[in-house]
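One letter stands for each residue in the lines below.
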Amino acid sequence: MNVDNFRLQLGGKEYVPIIIGGMGVNISTTELALAAEKLGGIGHISDALVTYVCDRKFNTTFVNRKRKKYVQYTNSPDKAAVLFDLEEIAEAQKMYIGHTISQKTGKGAIFLNCMEKLTMNNSSETLKVRLCAAMDAGIDGLTLAAGLNLRTLELIQTHPRFREVQIGIIISSVRALSIFLKRAVRLNRLPDYIIVEGPLAGGHLGFGPDDWHTFDLKTIFTEVLDFLKKEKLNIPVIPAGGIFTGSDAVEYFKMGASAVQVATRFTISKEAGLPSEVKQHYINAIKEDIVVNMASTSGYPMRMLIQSPTLRYAIKPNCEGLGYLLENGGKCTYIDAYYNAVAARKQGEPLAIKVKTCLCTGMANYDCWTCGQTTYRLKDTTNRLANGKWQLPKAADIFCDYQFSTDHTIRLPEPEVT
Ligand SMILES: Cc1cc2nc3c(=O)[nH]c(=O)nc-3n(C[C@H](O)[C@H](O)[C@H](O)COP(=O)(O)O)c2cc1C
């Protein structure tokens with residue numbers, strides 16, 4: 001039995017039940033998402049730092065113009081006035097999503113991963129604009145992630161596509177699910193799919209930094225299925241986090257999964273946005289290199305490689321141009337950490353900021369090497385080349401390996417000649 005024996009039914013359509021999870025900032029690129037779509041699956045793009053992503057992709061100047069507009073706050077810890085222009089957010093969102101959607105083959109679907117903890121110094125309004133612009137641009141689905149805002153559905157309920165676009169949530173406990181559902185029931189708009197993300201996933205985690213290893217995906221997944229059955233709700237449930245082979249996925253399908261969401265294996269694909277040399281670090285990683293820490297300013301634990309350059313940053317906060325993680329009122333824990341370190345620095349000593357990192361800058365520069373717990377196994381999924389480097393597989397190879405492999409085998413890509 002393999003993954004191809006199963007199909008995901010969603011919104012009246014049928015898909016190969018493999019979803020590539022959203023990976024900000026632009027690790028899950030247009031090209032990666034489209035590779036899944038072309039094979040009948042679902043690919044995510046992420047709208048984290050969308051203005052920055054547009055500037056790089058389309059030579060727009062959103063970030064520079066914002067930086068210039070707020071230049072007077074560069075040396076100030078008070079960023080309350082550093083706000084996004086909502087029209088520009090909408091423009092960037094439509095540009096990026098429209099560009100991706102226009103290349104669809106129609107075989108699969110493209111969803112948006114919307115990290116709600118990107119509060120952008122105006123959480124509700126920016127979230128509303130992001131989601132509405134995504135629907136305007138023709139996105140097939142909205143996956144609400146990281147820091148679920150209980151008001152999200154209310155914010156977008158008047159959009160003409162509110163009841164037609166697929167809406168999913170990522171949760172890591174039955175508790176979070178039941179709280180979200182209570183609000184959703186009131187609006188008569190239940191989520192169309194539920195992604196249950198376990199403790200082995202990449203990016204931010206829905207567990208504590210010290211107790212994540214006491215949880216396990218299969219247990220939470222079963223609890224979610226039982227809860228939905230008790231509530232007589234028929235919503236597709238999709239496990240994520242640590243599903244490394246097609247056979248891992250089949251185990252979940254046998255338990256009642258409708259699809260699986262996977263990401264780590266695709267981080268090293270040719271199509272993923274990480275620079276090639278960073279992909280080599282991912283493949284070379286050993287178990288001891290993979291850590292969960294609280295360096296992210298989001299307030300959530302995050303998994304990353306210990307070698308991430310962002311962990312050694314001592315840079316000035318970059319909120320004037322970026323500022324995606326500014327809480328309402330213009331606060332960010334990195335701003336505090338930075339100015340505290342500046343005040344505490346003794347003459348002649350280098351500036352050292354230990355507790356927090358500037359995640360906006362780190363993610364923008366691909367210096368925050370967030371990864372899943374299975375990253376140390378990536379070397380088993382590809383070939384070592386004659387020059388000592390690792391071959392970067394095509395996303396289609398990885399997707400098809402998930403779809404057709406059996407017995408936990410991993411088919412290596414066709415060797416590439418260097
Ligand atoms: C490099 C990387 C970046 C990620 N970034 C995000 C993100 O921005 N938002 C999010 O909701 N999930 C993020 N994730 C989680 C994935 O979407 C996915 O649910 C999870 O990693 C699946 O587990 P796996 O990586 O073990 O296959 C990220 C994962 C990785 C590996």
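For the structure, see preceding data.
Okay, so let's go over this structure. (Residues numbered from 1 in each chain as written. Predicted model: local features only at pLDDT ≥ 70, side-chain atom pairs only at ≥ 80, totals over all residues.)

**Focus on the overall build of the protein**
Item 1. When you go through the protein residue by residue, the secondary structure sums to 13 helices and 13 strands.
Item 2. Relative to its length of 418 residues, the protein is compact, with a C-alpha radius of gyration of 21 Å against a globular reference of 22 Å.
Item 3. Each principal axis of the C-alpha atoms in the protein carries an extent, and together these give about 65 × 55 × 40 Å.
Item 4. The contacts in the protein between residues at least 6 apart in sequence include a share of 74% that link residues at least 24 apart. (Helix = DSSP H or I, 4+ residues; strand = E, 2+ residues; numbered from the N terminus. Rg over C-alpha atoms; globule rule 2.2 N^0.38 Å. Contact = placed C-beta atoms within 7 Å.)

**Things to note about the environment of Asp380**
Item 1. Its place among the elements puts Asp380 in the loop between helix 12 (359-364) and helix 13 (395-404).
Item 2. Taking the number of C-beta atoms within 10 Å as the measure of exposure, Asp380 has 12 and is therefore exposed. (Buried ≥ 20, exposed ≤ 12 C-beta atoms within 10 Å, placed from the backbone.)

**Some points on the nonpolar core**
Item 1. With 127 residues, the main nonpolar core has Ile18, Leu49, Leu142, Ile194, Val196, Ile238 and Val260 as its most contacted residues.
Item 2. If you tally residues by element for this core, the top one is helix 4 (residues 86-101), at 7 residues.
Item 3. Each residue touching Leu49, except ones within four places of it in the same chain, is listed here: Gly24, Val25, Leu322, Tyr324, Cys360, Met363 and Ala364. (Core = buried A, V, L, I, M, F, W, Y, C linked by C-beta atoms within 7 Å.)

**Regarding helix 13**
Item 1. Along helix 13, the residues that are buried comprise Ala395, Ile398, Phe399, Asp401, Tyr402 and Gln403.
Item 2. Those residues of helix 13 hidden inside the fold are in contact with strand 3 (18-20), helix 1 (30-38), helix 9 (246-255) and strand 11 (260-262).

**Here we look at the sheet that holds strand 9 (residues 203-204)**
Item 1. Reading across the sheet, the 3 strands line up as 9-13-12 and stay open at both edges, with antiparallel pairing between neighbours. What marks the edges here is a single partner per strand, and that holds for strand 9 and strand 12 (290-293).
Item 2. Here 4 bridges tie strand 12 to strand 13 (residues 302-305), and the two strands are oriented antiparallel to one another. Bridged to Asn293 within strand 13 is Met302. (Pairing = 2+ DSSP bridges.)

**A short note on the site of the ligand**
Item 1. The environment of the ligand is formed by 30 residues, the closest being Gly21, Ala145, Gly202, Gly203 and Gly372.
Item 2. Counting residues per element, the ones that place at least two in the shell around the ligand are strand 5 (109-115) and strand 11.
Item 3. Here the residues of the shell around the ligand are counted per class, giving 14 nonpolar, 15 polar and 1 charged. (Near = placed C-beta within 6 Å. Nonpolar A, V, L, I, M, F, W, Y, C, P; charged D, E, K, R; others polar.)

**Comments concerning the pairing of strand 8 (residues 193-197)**
Item 1. Buried residues dominate strand 8, accounting for 5 of its 5 residues.
Item 2. Relative to strand 8, strand 7 (residues 166-171) runs parallel, the two being bridged by 4 bridges. Bridge pairing in strand 8 links Gly168 to Tyr193.
Item 3. As for the winding sense of the linkage, the β-α-β connection from strand 7 through helix 7 (residues 174-186) to strand 8 is right-handed.
Item 4. In this sheet, strand 10 (residues 237-240) lies alongside strand 8 in parallel orientation, the contact comprising 4 bridges. When the sheet's bridge partners are listed, Val196 is paired in strand 10 with Pro239. (Right-handed = clockwise from strand over helix to strand, strands pointing away.)

**Topic: the packing of helix 2 (residues 50-58) against helix 4**
Item 1. Direction vectors running N to C along helix 2 and helix 4 enclose 50°, while the axes themselves pass 9 Å from each other. Of the possible angle classes, the one that applies to helix 2 and helix 4 is oblique. Pair helix 2 / helix 4 crosses with left-handed handedness. The segment helix 2 lies against helix 4, with Val50, Thr51, Val53, Cys54 and Phe58 engaging Glu88, Ala92, Gln93, Met95 and Tyr96. (Axes fitted to C-alpha atoms, helices over the stretch in contact; angles between N-to-C directions. Parallel < 35°, antiparallel > 145°, perpendicular 65-115°, else oblique. Left-handed = near helix turned anticlockwise from the far one by under 90°.)

**Looking at the packing of helix 1 against helix 13**
Item 1. Put simply, helix 1 and helix 13 touch, their axes get as near as 9 Å, and they point 40° apart. The orientation of helix 1 relative to helix 13 falls into the category oblique. For the pair helix 1 and helix 13, the sense of crossing is right-handed. Residues Leu32, Ala35 and Ala36 of helix 1 touch helix 13, and the partners they reach there are Ala395, Ala396 and Phe399.

**Quick notes on unusual backbone geometry**
Item 1. Each neighbour pair has its own omega, and for Gly24 with Val25 the value is -10°, a cis peptide bond.
Item 2. For Val25, the position within the fold is in the loop between strand 3 and helix 1.
Item 3. One non-glycine residue, Leu49, lies in the positive phi region at around 55°.
Item 4. Locating Leu49 in the fold gives a position in the loop between strand 4 (42-46) and helix 2.
Item 5. A residue is classified by how many C-beta atoms lie within 10 Å of it, and Leu49, with 26 of them, is buried.

**Quick notes on helix 8 (residues 217-230)**
Item 1. Look at helix 8: 20 Å from first C-alpha to last across 14 residues, which is about the 20 Å you get at 1.5 Å a residue.
Item 2. Every buried residue of helix 8 is accounted for by Leu217, Ile220, Phe221 and Val224. Projected down its long axis, helix 8 shows its buried positions confined to an angular sector of 100°, all on one face. Opposite its buried face, helix 8 presents the exposed residues Thr219, Asp226, Lys229 and Lys230, each directed more than 90 degrees away.
Item 3. Packed against the buried residues of helix 8 are helix 7, strand 8, strand 10 and helix 9.
Item 4. Once helix 8 ends, the next one or two residues include Lys232, with phi positive near 55°. (Expected span 1.5 Å × (residues − 1). Arc of directions from axis to C-beta.)

**Here's the deal with the pairing of strand 6 (residues 141-145)**
Item 1. The buried count for strand 6 comes to 5 of 5 residues, which makes it a mostly enclosed element.
Item 2. Covered by surrounding structure in strand 6 are Gly141, Thr143 and Ala145 together with Leu142 and Leu144, the residues of both alternating faces.
Item 3. Note: strand 5 against strand 6, 5 bridges, orientation parallel. Looking at the pairing, Met115 lines up with Ala145 of strand 6.
Item 4. In this fold, strand 5 hands off to helix 5 (residues 123-136), which returns the chain to strand 6; that crossover is right-handed.
Item 5. Where strand 6 and strand 7 come together, 4 bridges link them in parallel fashion. Across the sheet, the residue bridging to Gly141 is Gln166, located in strand 7.

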